[in-house]
Structure formats: C-alpha cells, structure tokens
Amino acid sequence: MILDGKLVSGNLKDTLLNDILELKKMNIIPKLAIILVGHSEESLVYINMKRKMCEELGIQIIVYHFLESVLEGAIIEKIEELNKDNLTHGILIQLPLPKHFNKEKLLDKISYQKDADGFHTINAGKIFQANDINVIPCTPLGCIDLLDHYNIDVKGLNVAIIGTSNLVGLPLSMLLLQRGATITLCNINTKNVKEHTIQSDMIIACCGVPHLIKSDWVKEGAIVIDIGINRIKDVTKKNGHRLVGDVDFDGVKDKCKYITPVPGGIGPMTVISLMKNIIKLAKNTYTKL
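An account of the accompanying structure is given in this report. Per chain, residues are indexed from 1 in the order of the written sequence. Owing to the predicted nature of the model, reporting of local features is limited to residues with pLDDT of at least 70; listing and counting of side-chain atom pairs is limited to 80 or more, with chain, interface and lining totals taken over all residues. Neither water nor hydrogens contribute to the side-chain values; these are computed over all heavy atoms in the structure.

Points about the overall build of the protein
From N to C terminus, the protein includes 10 helices and 10 strands. Only C-alpha atoms enter the radius of gyration; for comparison, a globular chain is expected to reach 2.2 Å times N to the power 0.38, where N is the number of residues. Relative to the compact-globule value of 19 Å for 289 residues, the protein shows a C-alpha radius of gyration of 19 Å, a close match. On the principal axes, the C-alpha backbone points of the protein span a range of 55 × 40 × 35 Å. Considering only residue pairs separated by 6 or more positions, the protein has 69% of its internal contacts joining residues 24 or more positions apart. Strands are runs of DSSP state E lasting at least two residues, helices are runs of H or I lasting at least four, and both sets are numbered from the N terminus onward. In this description, contact between two residues means that some pair of their heavy atoms is separated by no more than 4.5 Å.

Take a look at the structure:
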C-alpha cells in the first residue's frame, strides 16, 4: 500500500485553515521569517514551496536574502531583530548554509520559542528527554503524522533508520522509541547495513544515497519510509533529471506492506509540518499574552 503524503498533507491543510481562522479572530496572523544565504538553486526551490503553502493558508512570509559574502555578525543581528519582533512567530535558516558559516551557532541564535524548524538545542533536548516537547523538526513530524493517518502502530516493531543526522534520523529515532519501537541506527560507519534492514519490520531511509535500499535488503511485509530526495540524470525528461529516493521503489514496492513514494511521500508532509509548527508558535504567543 502506498503511503500518500500528498493526500494526507491535504487533509492536514484543511485543519490548519480552521486553526488560522481562529487565530485571525484574535487579530493574530501567523508570520514566518526565512533567512537565506547565497543563491543555491535547490534552496530557492524549497523556499518557493514554502512560500506557496504559506500563501494558500494565509500565513505571512518574508525572506531575508543575504549574499554568500555576508558577515556572520550581520545574520546574527537580523536574527536578534526578529527574535524581538512580536509580529514574527517563526524563524528559520534555509539549509544548507555555505560551508564557512557556523551552522549550529546560527541556529541557536534563533529563540527556541520562534524556532520553526525545531533545530534549536533546547527544542532538540526536549525531544530527547520527552519533556514538555515544544517544536518537532518538520521531517520527523511529517513521518509521525503519516504513520498516524494510516493507523500504523510502531510499538514492538524493529525499526532500522539509515542516516543519523541531528535534523532527521536522530530526532525521529527518539520519537519512535518513545512510542515503543526498538531502534537500530545505521550510518556511513555501519559495516553491513543489509544485515540490519533484512531483519527489520520497518526501514526508514534518510541517507541521501539514490536507490541504496534494494529488494534483497527488505523482508516480506516490511514498512518502508523513504525520506531521501535525490536528483539523478534522466535524458527522457525535459529538464534532464528526475527525483528518486534512497529506496529502489520499483524493486521494493511489491515486497512491502506499506511504502512511501518519492516524490509525493514525505516531501509534502515536511512542508505541511512546517506550517503546523508556525501555527503552534503563533498559538503559544497568544497564551503568553
């Protein structure tokens, strides 16, 4: 069965529209500020996706675009200005940043109370301690919401996560662990990833390696969540490329009980999760008035 992220995100969108109407009755208009450094074509594509969804929902959005030569201090100054702006509810830095910037330092300059991406050290710590969780990173949140929509209970399941980034693999592992799953974390140092995946009830791929997960890596009836988005050459396409996941979808889909497609799986769930976070942060502002 296909886990349709486009369908589920559409359902969530309807709920968020109602939430925003309620906020607007209290004269609160959710607002997102995005900081972009440089001219990465992929970053611009992602920002346009976020802009489109914000406009459809009635969320205000403003992008602060800096040249790659900007001093780190100027970015910090803008972040601190936005932290103090009561009309701005969510702030994010579009990643990846150019390599010469200190990503962790800049992310932690954003107030954890306005951290739309959920990357601040305090918000990450709340997830790992399962203590008063505030904001969950968008991709892990999207995965959880997708599983919930299809009533997939992970309690007692053996779950292999391939990719251990602070942004996706690690927070997702904690969310699943808190729901009773048994987690195996694999990364570039894992000697034989297939040994772990072939025994797993659920495989989550978030490593950025096109078609890494083959049919013989997956046991019959497994659940496969493909978070990877990779651009590969395809001369049959007008633009010369196509998007694929970390899973060999065509080779694996017939062995799975559930599987996410790429595109159309976790991607739409990530965008709608950002909207959820912005609305939650706007609601938090109201409760503090």
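Considerations on the sheet that holds strand S6 (residues 202-205)
Backbone-to-backbone hydrogen bonds join strands into a sheet, with any given pair of strands oriented parallel or antiparallel. Strand order in the open sheet formed by 5 strands is S5-S4-S6-S7-S10, and the pairing between neighbours is parallel. Whereas interior strands pair on both sides, the edge strands pair on one side only; in this sheet they are strand S5 (182-186) and strand S10 (256-259). Adjacent strand axes in the sheet meet at a mean angle of 15 degrees when their direction is disregarded. The strands touched by helix H7 (residues 169-177) within the sheet are strand S4 (158-162), S5 and S6, with S5 carrying the most contacts at an inclination of about 165 degrees. Two strands form a pair only when DSSP identifies at least two bridges running between them. Note on geometry: axes are C-alpha line fits, over the in-contact stretch for helices, and angles between N-to-C directions span 0 to 180 degrees.

Points about the sheet that holds strand S3 (residues 90-93)
Across the sheet, 3 strands lie side by side as S2-S1-S3; this open sheet has parallel pairing. Edge strands, defined here as strands with exactly one partner in the open sheet, are strand S2 (60-66) and S3. Going from strand to strand, the sheet's axes swing by 15 degrees on average, the running direction of each strand aside. Here helix H3 (residues 72-84) sits on the sheet and contacts strand S1 (31-37), S2 and S3; the angle it forms with S1, its principal contact strand, is near 180 degrees.

Side note on the environment of Ile 279
Relative to the assigned elements, Ile 279 resides in helix H10 (residues 266-287). A residue is classified by how much of its surface remains accessible, and Ile 279, at 2% relative accessible area, is buried. Along the primary structure Ile 279 and Asn 158 are separated by 121 residues, whereas in three dimensions their C-alpha atoms are 33 Å apart. When neighbours within four sequence positions are excluded, Ile 279 is seen to be in contact with Leu 16, Asp 19, Ile 20, Leu 23 and Ile 59. Buried means the residue's accessible area, taken with a 1.4 Å probe over protein chains only, is under 20% of the maximum for its type, while exposed means over 50%, and partly exposed covers the values in between.

Notes on helix H5 (residues 121-129)
Within the sequence span of H5, burial applies to Asn 123, Lys 126 and Ile 127. The arc that holds the buried residues of H5, viewed along the axis, is 100 degrees, so those residues lie on one side. If you follow the buried residues of H5, they end up packed against H7. Each direction from the helix axis to a C-beta atom contributes to the arc, which is the arc of those directions.

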